[in-house]
Amino acid sequence: MESLKSNKKSVLDNIVNLTSTGLTVLTLLLSASVMSPLDLGYGSFANFVVFLIYMSTVIWIISFVMYILIITIVFFWKKSSSIHQQLSYGTVSFFVGSFLTCALFMLAVAMRTGSGPVGFGLGLALALSHVIFIGGIAAAIFYDTKRLKILFAALAIIGCVVVSLILWYYLNDGYATKINAITPTERFPHNLTHDPSLNGNYSYGFLTYGSGMDNRIDYGLKASIITPTIDLSSIITLSTFNKQNFQFDESTLPLNGRIWYPANTSSGPYPIVLMVHGNHMSTGSSENGYEYLSTMLASQGFFTVSVDQNFLNLAPFYSSTEYGQMSKIKKYDVSFSRRPEFIARALILLETLKQLRLWNTQEKNQFYNQLDLSNIGLMGHSRGGETIVIAYVLNKLKFLPDYPGSISLSNYNFEIKALFSISGTDDGYTPLGYSLESHDVTMFGIHGIYDADLLSFSFQGKLKSLRFTSNSSIYNFKASLYVHQANHGQFNTKWGRYDLIPGVNQFINVRPLMKAEEQQHICKMYMAALMNIVLKNQTQYCILFEDYRSGLRYLPHTNYISTFQDSKEIIIADFENYDVTIGTIAGSKINAANLLLWGSVYVEVYRSAMLILQPMKDLIGKYAINLQNPVNGSSVRFMIGRTPEGLVDNLTVLLWYENETFDSHVVHVLPALSKHTYKLGSTEYVTAVQTVSFPLTSAFAGLEFVINETNAQFLIDNIVIAR
C-alpha cells in the first residue's frame, strides 16, 4: 500500500511539474512574443516561430542557471528540503526565470521610450501575476484540502485576470487626447484656388531598373533597364546579414529603383524628382511606400524615381552598415558612427542621376531626350531627408571633404533645385566636425508632432544651415510645416502607425494620430506645390508655404505651425548678436522697457538664438527696433511662438513708417502644443514658432512689440522685410 501511495504521489508530482512547467513556458512565450523588439522581416507567422525558438533557448539557459543555484542552496541549506518535497527544482527554476525575464524584458523595451522605471514596474507586476497564475494552478492540483484548492484556484484566476489586463494595456492603441485645432484669424491670406495634389492630365507608365542579378525579381529578372553596380567599399561595409540576404557586398552595390513616367513623349522633356526612403528593416521594401506621391507627380508631368537603398538599412538583430576603408579616420572622429552610411546613401542618389543623364543621350533608350536635367528635385524621408541635403552638397564637390585621398567624386554637377524633407534627421554626417551647410536652393521640411522616432523637428537644423547668398539671381525659399497629429511612419505606406521597433511600438500612444490617408494627403499637397513652383515655375502655389491657412479648405482639420523665409528678404533682426542693443541691419537700435525677460536665448530645435519677451507685473512691456534709414518693402515678417509658461495668446505690434505714422496689429499666437507620445509617459509641450506677415503701406522705419499681460511669454525670431 505504501508503495502504491508513493507511486501515486510520484505520478501526481510529475503531472504538477509538467503542467506548471508547460503553462509557465507557454504564458511566458506568449507574453514575450507580443512584446518582442525583434523584427526579422519575414512576415508575422515566421517571426513568431523564430521568436519562439529564440526565447525557448533563452528560457532554458536561464532555467539551467537557476537550477544550478537551487541545487547549491539545497546542498548548503538542508532545511530547504521542504521545497524539494513539493516542487521539483526544474519547476522552481522556471518560476524564477519567468519572474526575471518578464521584468527585465519590460524594462528593456520601456527604456527606449524614456519610461524605464515605469516599464520595470509593469514588468514586475506581469511577472508576479504570472507566477500567481501558474503557481495557483499547480498548488490547486497538488493539495488535497478543498479549502486550499479553492484558495489557490482563486489566486490563479486573479493572476490570470491581471496578466490579461496588463497584456491588454500593452497591446491597445492607447487613449484619446483632446486636441483643439486653433487657426489664427488676423489678416487671413488669399486662398488657393484648387488642391495642388489633384492628379494631372498626363497618362503614365511604370517600370523598374536594376542590376538584373538581384534576387529581388523587380530588380533582377523583371528589370526593364539594366544598370551597373558601384563600388563603395572605401566608404562602407555591409552587415553580414545584408550580404547574405541580398547576395552582394559593398563592392558591387546595385542601382535599383522604381520609375513612374509620363507616357506622352511629345510633351517632354520632363522635370525629374528622385525620392529616397530612410532607415527601416532591411528585409522590407521601403521604396514601395511612396507610390502615392509618384503616381500623382507622374500624372502632373514629372519623371519620378523611388530609389532602393534597403541594403543599407538595419538588419535583423540590429546589425547595421559600418565603416569601410574610412575606418582609418574613425579614431579621430568617433562621435558619428553613421557617417559612412549617409555618404553612401547620397552617392547612390548622385550615381542614379548619372544613369538618367546617360539614358537621356542614348537613342535606343525609351527615355531618350525625355528628361529635363536642368530641373531636378529630391525628396527624402527620415535619414533620406538628410541624405538629399548631403547629396546636394557633394554634387558640387570634386572630393569627399574628410577623406579626399581615397574618395574622389565623379563629375556630377547636376541642377538640383528643390529639396523636400519628410521627418528628416540632422547631423548624421558632419564633415570637419560641424553641421553641413548648404547654399542657394529651395528647401522644405515637414514633421509630425507625434513622431515617436524623431521626437523633435530635427530638420530645422538643416533649414538653419541653409544660406542665401547675394551673388545668386535665382529666387529660393526655405519653409517648414509642423503637423500636430502626424507621426513618422504614415508618410510611407509600408511603415504605418508605429514608429519604433516591435515591442517598443506597443508603448506608443497611437490613438491621437490622424488617419494615414489624411497625413499622406498633406504630404501630397506640399510635395506637388513645391515641385511645381521650383521645377515648373507655377508661382501661384507660393502662398501655401508663406501661410498654411491659404490651403485650409484642402487640409485635414488639425493644428499646423509653419515657417517661411526667402532669398529676397532683408533681415532686420535675427538676435544672433552679442550686443543686445543693436539689430542685425546696420545702424538699427533697440530699446526695451518694463520687461522682466528680454534678450537672446538659444532654442535648440531651431539651432537659433531667439528673442524672449515677458513684461513686469502690472506694467506694459515694450520692445522696439528703430532703423537709421527707412527700408522699402511689401511686408514685414517675423516668427513668433509661445513657451509652455506663456498663458497670454496675443500681443500688439506697431509698424512705424518714415512719415511718423504707424499701423497697429494684434498677433494671436498658438499655445505650445501638447502631445502624449507614449502610454507610460507624461504630457509634453512642443515649443514652435510660426511665421506671421503684415503688409507695409510706406517705407518701414521700425516696429514695437507691446505686451500688457503679466502671464505672457513669447519667443520671436527673424524679423525681416519682404520685397
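Thresholds applied
Residues numbered from 1 in each chain as written. Predicted model: local features only at pLDDT ≥ 70, side-chain atom pairs only at ≥ 80, totals over all residues. Heavy atoms only, no water. Helix = DSSP H or I, 4+ residues; strand = E, 2+ residues; numbered from the N terminus. Buried < 20%, exposed > 50% of the residue type's maximum accessible area, 1.4 Å probe, protein only. Contact = heavy atoms within 4.5 Å. Areas by Shrake-Rupley, 256 points an atom, 1.4 Å probe, with all protein chains shown as cover. 1 Å grid on protein atoms, 1.4 Å probe; cavity = no way out; pocket = protein on both sides within 12 Å on 5 of 7 lines; lining within 4 Å. Points joined across faces, edges and corners; volume = space filled by probe spheres on them. Expected span 1.5 Å × (residues − 1). Polar contact = N/O pair within 3.5 Å; in protein donor to acceptor, adjacent residues only side chain to side chain. pLDDT = per-residue confidence, 0-100. Axes fitted to C-alpha atoms, helices over the stretch in contact; angles between N-to-C directions. Parallel < 35°, antiparallel > 145°, perpendicular 65-115°, else oblique. Left-handed = near helix turned anticlockwise from the far one by under 90°. Nonpolar A, V, L, I, M, F, W, Y, C, P; charged D, E, K, R; others polar. Salt bridge = Lys/Arg side-chain N within 4 Å of Asp/Glu carboxyl O. Pairing = 2+ DSSP bridges. UniProt positions renumbered as here; feature names shortened; annotations may be inferred.

With an unreviewed UniProt entry as reference, the chain is termed Alpha/beta hydrolase, source organism Rotaria socialis.

1. Details of the overall build of the chain
Assigned secondary structure in the chain consists of 14 helices and 30 strands. The burial tally for the chain puts 55% of its 723 residues in the buried class. Within the chain, contacts between residues at least 6 apart in sequence are counted, and of these 78% link residues at least 24 apart. For the chain, the accessible area works out to roughly 30,900 Å², and carbon and sulfur atoms hold 58% of it.

2. Digging into the layout of surface pockets
Of the voids in this model, the second largest pocket is the one considered here, and its volume is about 590 Å³. Contributing to the lining of the second largest pocket are 31 residues, with Leu 466, Lys 478, Gln 565, Glu 569 and Ile 571 lying nearest its centre. Of all the secondary structure elements, the ones that give two or more residues to the lining of the second largest pocket are helix 12 (460-464), strand 14 (466-467), strand 15 (477-483), strand 16 (560-566), strand 21 (608-615) and strand 30 (714-722). No other element matches strand 16, which puts four residues into the lining of the second largest pocket.

3. A short note on helix 10 (residues 339-361)
Taking 1.5 Å of rise per residue, the 23 residues of helix 10 would be expected to cover 33 Å, and the 34 Å separating its terminal C-alpha atoms lies within 8% of that figure. Within helix 10, 19 of the 23 residues are buried, leaving the element largely enclosed by the surrounding structure.

4. Some details on the side chain of Asn 492
Within the secondary structure layout, Asn 492 lies in the loop between strand 15 and helix 13 (516-536). Given the relative accessible area of 0%, Asn 492 is considered buried. A polar side-chain atom of Asn 492 sits 3.0 Å from the main-chain carbonyl oxygen of Ser 286. Separated by 3.1 Å, the side chains of Asn 492 and Tyr 290 make a polar contact. Those residues in contact with Asn 492 that sit more than four places away from it in its chain are Ser 286, Gly 289, Tyr 290 and His 381.

5. Observations concerning the confidence of the model for the chain
Residues at a pLDDT of 70 or more form 82% of the chain, whose mean pLDDT is 85. Taken as a whole, residues 80-86 scores under 50 in pLDDT and shows eight contacts with residues more than four places along the chain or in a different chain.

6. Here we look at the environment of Asp 426
Mapped onto the secondary structure, Asp 426 falls in the loop between strand 11 (416-422) and strand 12 (438-439). Among the residues examined, Asp 426 registers a relative accessible area of 12% and is labelled buried. Expressed as a C-alpha distance, the spacing of Asp 426 and Phe 457, which sit 31 residues apart in the sequence, is 9.4 Å. Residues within four places of Asp 426 in sequence aside, it is in contact with Glu 386, Ser 458, Gly 461, Lys 462 and Arg 607.

7. Describing the packing of helix 10 against helix 11 (residues 383-394)
Helix-helix packing is described using two parameters, namely the angle between the two axes and the distance between the axes. For the pair helix 10 and helix 11, interaxial distance at closest approach is 8 Å and the crossing angle is 65°. Comparing their axes, helix 11 and helix 10 come out roughly perpendicular. When you trace helix 10 past helix 11, the crossing you get is right-handed. Between helix 10 and helix 11, the contacting residues are Glu 341, Phe 342, Arg 345, Ala 346, Leu 347, Leu 349 and Leu 350 on the first element and Arg 383, Glu 386, Thr 387, Ile 388, Ile 390, Ala 391 and Leu 394 on the second. Of the residues that constitute the contact of helix 10 with helix 11, the class distribution is nine nonpolar, one polar and four charged.

8. Examining the pattern of salt bridges
What the rule picks out here adds up to 17 salt bridges. The salt bridge involving Arg 216 is made with Asp 308; its shortest N-O contact spans 2.8 Å. You can see Arg 216 sitting in the loop between strand 1 (204-210) and strand 2 (225-226) and its partner Asp 308 sitting in the loop between strand 8 (303-307) and strand 9 (322-323), a full 92 residues away along the chain. No difference in accessibility class separates Arg 216 from Asp 308, as the two residues are buried. Residues Asp 426 and Lys 462 are paired through a salt bridge, measuring 2.4 Å at the closest nitrogen-oxygen approach.

9. A look at the sheet that holds strand 1
Taken in spatial order, the ten strands line up as 2-1-6-8-7-10-11-13-15-16 in an open sheet, and their pairing is mixed. The open sheet terminates on both sides in strands that have one partner only, identified here as strand 2 and strand 16. Both strand 6 (residues 257-262) and strand 8 contribute to a ladder of four bridges, which runs antiparallel. In the sheet register, Arg 258 faces strand 8, and the bridge partner there is Ser 306. Packed onto the sheet, helix 8 (residues 291-299) meets strand 1, strand 6, strand 7 (270-276), strand 8 and strand 10 (371-381) and runs at close to 30° relative to strand 6.

10. Re the pairing of strand 11
Among the seven residues of strand 11, six are classified as buried, and the element is accordingly described as predominantly covered. Across six bridges, the pairing between strand 10 and strand 11 is parallel. What sits directly across from Leu 378, in strand 11, is Leu 419. Bridge analysis of strand 11 against strand 13 (residues 442-448) gives five bridges, and the strand direction is parallel. From the neighbouring strand, Leu 419 faces strand 13, where its bridge partner is Met 443.

11. A closer look at the UniProt feature "transmembrane region" (unreviewed entry) in the chain
Under the UniProt annotation, the feature "transmembrane region" (unreviewed entry) is placed at residues 12-36, 48-77, 89-110, 122-143 and 150-171. With 100% helix and 0% strand, residues 150-171 has end C-alpha atoms that lie 31 Å from one another.

12. Points about the pairing of strand 7
Most of strand 7 is tucked away: seven of the seven residues are buried. Across seven bridges, the pairing between strand 7 and strand 10 is parallel. Residue pairing across strands places Pro 271 opposite Asp 372, the latter belonging to strand 10. As paired strands, strand 7 and strand 8 are joined by five bridges and run parallel to one another.

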